[in-house]
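Commentary on secondary and tertiary structure
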Amino acid sequence: QVQLVESGGDLVQPGGSLRLSCAASGSNFSLYAMAWYRQAPGSQRKLIAHITSGGITNYAASVKDRFTIFRVDTENTVFLQMNSLKPEDTAVYSCNANRVVQYSPIVTENYWGQGTQVTVSS
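Here's a quick rundown of the structure. No experiment lies behind these values; they were computed from the predicted model shown.

**Quick notes on empty space enclosed by the protein**
The final tally for this structure, using the stated rule, is one cavity of 30 Å³ or more. Quantified by volume, the largest cavity comes out at close to 30 Å³. For the largest cavity, the full set of lining residues is Val-2, Ala-24, Ser-25, Gly-26, Ser-27, Phe-29, Tyr-32 and Ala-97. Its residues placed into classes, the lining of the largest cavity shows five nonpolar, three polar and no charged.

**Observations concerning the packing of aromatic side chains**
Tallying each qualifying case throughout the model produces three aromatic pairs. Measuring from centroid to centroid gives 6.2 Å for Tyr-32 and Tyr-111, while their planes differ by 65°, and the two rings are edge-to-face. Here Tyr-32 is found in the loop between β3 (18-25) and β4 (33-39), whereas its partner Tyr-111 is found in strand β10 (residues 106-112), with 79 residues between them in sequence. Across the pair, exposure class does not vary: Tyr-32 and Tyr-111 are buried alike. We note Arg-19 situated over the ring of Phe-79; from NZ or CZ to the ring centre the distance is 5.9 Å. Directly above the ring of Trp-112 sits Arg-45, whose terminal nitrogen or CZ lies 3.6 Å from the centroid.

Analysis parameters
- Residue positions are given per chain, counting from 1 as you read along its sequence in written order.
- The predicted origin of the model limits local features to residues at a pLDDT of at least 70 and limits the giving and counting of side-chain atom pairs to 80 or more, whereas totals for whole chains, interfaces and linings rest on all residues.
- As a convention, hydrogens and water are excluded, and side-chain values are obtained from all of the structure's heavy atoms.
- Cavity and pocket criteria rest on a 1 Å grid covering protein atoms alone: a 1.4 Å probe that fits but cannot get out defines a cavity, protein on both sides within 12 Å along at least 5 of 7 lines defines an open pocket, and an atom within 4 Å of a point defines a lining residue.
- Grid points are joined across faces, edges and corners, and a volume is the space filled by probe spheres set on the points.
- Gly falls in the polar group here, along with every residue not listed as nonpolar (Ala, Val, Leu, Ile, Met, Phe, Trp, Tyr, Cys, Pro) or charged (Asp, Glu, Lys, Arg).
- The aromatic pairing rule takes the rings of Phe, Tyr and Trp, using the six-membered ring of Trp, and pairs them if the centres are within 6.5 Å, calling planes under 30 degrees apart stacked, those over 60 edge-to-face and the rest tilted.
- A run of H or I in DSSP becomes a helix once it reaches four residues, and a run of E becomes a strand once it reaches two; helices and strands are each numbered from the N terminus.
- Note on classification: 1.4 Å probe, protein chains only; a residue is buried when its accessible area is under 20% of the maximum for its type, exposed when over 50%, partly exposed between these limits.
- For a Lys NZ or an Arg CZ to count as sitting over a ring, it must be within 6 Å of the ring centre and within 35 degrees of the ring normal.

Written out as structure tokens, the structure is:
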């Protein structure tokens, strides 16, 4: 069982920066892959950044070179550093934890945070 609590969402100007945090409770945090998603009004939720338990990252093209996901396993926390923010980055950002606990048949654990609002506007 994992509980995720996001924080750091705010109103920022275009070109500004913001760091989101996702604090996890529960055991074995280091075994979970972590990800950030976002959902704008009227749109589907989209994967923005992902980091494996081993620290391998990947990003959506829309945020690559602007956003950085990193984790501090000793603090049970994953972060999303957002730079050069654009109005189109406005969305609710949600944290996700997931892992495969069995491969045959496949069984996964998947947890979500409550989301935090990021608004980029001048």
